[in-house]
Amino acid sequence: MTRFSFPSLVRHAFGGDKGWDQQWAKPEPKASYDVIIIGAGGHGLAAAYYLAKEHNITNVAVLEKGWLGGGNTARNTTVIRSNYLYDESANLYNHALCLWEGLSQELNYNLMFSQRGVMMLAHSEHEVQLYKRHVHANRLNGVDNEWLNVEQAKDFCPPLNISPDVRYPVMGAALQRRGGTARHDGVAWGYARGASTRGVHIIENCEVLGINRHADGSVSGVETSRGTIGASKIAISAAAHSSQLMNMAGLDVPLECFTLQALVSEPVAPVFPCVIASNTVHAYISQSDKGELVIGAGTEQYVSYAQRGPLHTVEHTLAAICEMFPMFTRMKMLRNWGGCVDVTPDRSPILGKTPIQGLYLNAGWGTGGFKATPGAGHLLAHTIAKDAPHEINAPFSLSRFQTGRLIDEAAAAAVAH
Amino acid sequence: MLLIDCPYCEQERAEIEFTCSGEAHMQKPQNADDAQWEKFLFLRANTKGVHYERWYHVHGCGRYFNAARDTISDKFLLTYKAGLPKPELPNE
């Protein structure tokens, strides 16, 4: 694999850019592997990469029903932050954020990772108190987060409307300066390239139709649209289709899938310096390096796999955006789409072992899985390789819904993950 | 915007008059152990296909009813009053 560097760019430019290698191989599936990961999104590909790199397990296949990075990896609004309230969540998301910080260099792939800051607005006295509590809790956990008064928030994001004469005036904000955005496709491509270089097979257009078990109950492989493939360890990392896959293994899971919509505007000159999220008015916004405003809405209330949502949700979000940023009232929106997010009852992910020997689950990331991509992959790889969870993901077990040890981020931030 | 047929009002009304209240026909267990509580409180069918669910006509009659809806197309197949057993689905 050619390493990307200034000399290699110049050399290929003089060659008419015709000599670039395929960035990852497209092999035929083998009869069996040591590990099968179901789902070639960012999480699954990252897990395959870390299995090969950190645990020296390279006889791995990543099976994908559609195409690489074509699900929620391609549909999210690319926000990265780690300012979660509870200790377990702060550790988990900050583990990911620390991996993000060196990832472009590690993968030799430009992820366009930009720590432009994530500012979360408070619109009520209650929210002011809540976010101040977040700031204190985060600092105790070594996560950067600071409280800004209204004028400081306006200084950090000049387009922000801080007029007291709006329906929900801004009363302050919590700012995580290490938060930001990254190129969502690039993350999947970078991990795919890194994994493929180390010998991992990435097999697209290969839908898993069943999970095979030995007589003792442990997994033996999968039935796919491209034949039977054996493996003694199988990890499900399939976001919205994790319920169906777990059902194939005879297990019910505490997941429900809802539509989450996003949209982008026409591209304009750089006007918006950070990421802004507001839970009260249900909107979040940033500007991509291409110049488009990237705007996210809240989830729908009913189970759906349609990957499209109603217009009234989008109208609600845009009304909030226009009130917070009056300069955007005449922006034209270019594209609107829906993704299908798998949500747990406590809005925290499930990452660990299952009651079936050799079957692992990484799901339930809901509306906030993108930011966790490197961390989720890293921890899933650890869990698979050691057949035991890492101390960071141990609290995020499937069994917590029976023991009652929930990590209730639902109460802390039910929207705008 | 979904159009939803309220079986009490006997009218098709816009989605914004309703809230969805999750999976229908969940039975609260008696003298339950941890596993049964988990099933009742947290485990959900999350069906890809025909899903039975509760809806609440909050800005209308203020009553709960049940619906069968295809979660792939979001099309409502039928709605029926709360307390009735799971009905047979009409042929397409």
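As shown above, the structure is provided for reference.
This write-up is about the structure you can find in this document. All figures in this text were calculated on a predicted structure; none of them were measured in a lab. (Residues numbered from 1 in each chain as written. Chains lettered and ligands numbered in written order. Predicted model: local features only at pLDDT ≥ 70, side-chain atom pairs only at ≥ 80, totals over all residues. Heavy atoms only, no water.)

### Quick look at the overall build of chain B
Then comes step 1: A tally of helices and strands in chain B yields 1 helix and 6 strands.
Then comes step 2: In sequence order, the secondary structure elements of chain B are arranged as β-β-β-α-β-β-β.
Then comes step 3: In terms of overall dimensions, chain B has C-alpha extents of about 40 × 30 × 20 Å along its principal axes.
Then comes step 4: Every one of the 92 residues in chain B was classed for burial, and the buried ones make up 39%.
Then comes step 5: Within the structure as shown, chain B displays about 5,400 Å² of accessible surface, and the carbon and sulfur contribution to it stands at 47%.
Then comes step 6: Positive and negative charge centroids in chain B, built from 11 and 14 side chains respectively, lie 3 Å apart. (Helix = DSSP H or I, 4+ residues; strand = E, 2+ residues; numbered from the N terminus. Buried < 20%, exposed > 50% of the residue type's maximum accessible area, 1.4 Å probe, protein only. Areas by Shrake-Rupley, 256 points an atom, 1.4 Å probe, with all protein chains shown as cover. Lys, Arg positive; Asp, Glu negative; His and termini not counted. Charge placed at Lys NZ, Arg CZ, Asp CG, Glu CD.)

### Structural notes on the nonpolar core
Residue and element names in this part refer to chain A.
Then comes step 1: Ranked by size, the top nonpolar core spans 49 residues in total, and within it Ile37, Leu45 and Tyr191 carry the most contacts.
Then comes step 2: Elements supplying a minimum of two residues to this core: β1 (32-38), α2 (42-55), β2 (60-63), α3 (87-101), α4 (103-107), α7 (184-197) and α10 (373-386).
Then comes step 3: The element best represented in this core is α2, accounting for 8 residues.
Then comes step 4: When neighbours within four sequence positions are excluded, Leu45 is seen to be in contact with Gly39, Ala40, Val62, Leu68, Ala188, Tyr191, Ala192, Ala195 and Ile202.
Then comes step 5: Ile211, Val219, Val222 and Ile350 belong to the second largest nonpolar core, which has 30 residues in total. (Core = buried A, V, L, I, M, F, W, Y, C linked by side-chain atoms within 4.5 Å. Contact = heavy atoms within 4.5 Å.)

### Quick word on a nonpolar patch on the surface
Then comes step 1: On the surface, A:Phe6, A:Val10 and A:Phe14 cluster together into a nonpolar patch covering about 390 Å² of accessible area.
Then comes step 2: Along the chain, A:Phe6 falls in helix α1 (residues 6-14). (Patch = residues over 30% accessible without salt bridge, like charges linked within 9 Å, V, L, I, M, F, W, Y side chains within 5 Å. Salt bridge = Lys/Arg side-chain N within 4 Å of Asp/Glu carboxyl O.)

### Remarks on the sheet that holds strand β3 (residues 19-23) of chain B
All names here are of chain B.
Then comes step 1: The sheet built from 4 strands is open, its strands ordered β3-β4-β5-β6 with antiparallel pairing. Across the chains shown, the open sheet's two edge strands, defined by having one partner strand only, are β3 and β6 (76-81). If you compare each strand with its neighbour and ignore which way they point, the axes differ by 30° on average.
Then comes step 2: The sheet contact formed by strand β4 (residues 50-56) and strand β5 (residues 64-70) spans 7 bridges and is antiparallel. Within β5, the residue paired with Tyr56 across the bridge is Tyr64. (Pairing = 2+ DSSP bridges. Axes fitted to C-alpha atoms, helices over the stretch in contact; angles between N-to-C directions.)

### Looking at the packing of aromatic side chains
Then comes step 1: Per the counting criterion, the structure on display carries 18 aromatic pairs over all chains.
Then comes step 2: When the centroid spacing of 5.9 Å and the interplanar angle of 50° are considered together, the rings of A:Phe272 and A:Phe328 count as tilted. Of this pair, A:Phe272 sits in the loop between β12 (256-265) and β13 (275-278) while A:Phe328 sits in the loop between α9 (311-324) and β16 (333-343), and the two are 56 residues apart along the sequence. Pair check on accessibility: A:Phe272 and A:Phe328 agree, each one buried.
Then comes step 3: If you follow B:Arg54 out to its NZ or CZ, it ends over the ring of B:Tyr64, 4.6 Å from the centre. (Phe/Tyr/Trp six-rings, centres within 6.5 Å; stacked < 30°, edge-to-face > 60°. Lys NZ or Arg CZ within 6 Å of the ring centre and 35° of its normal.)

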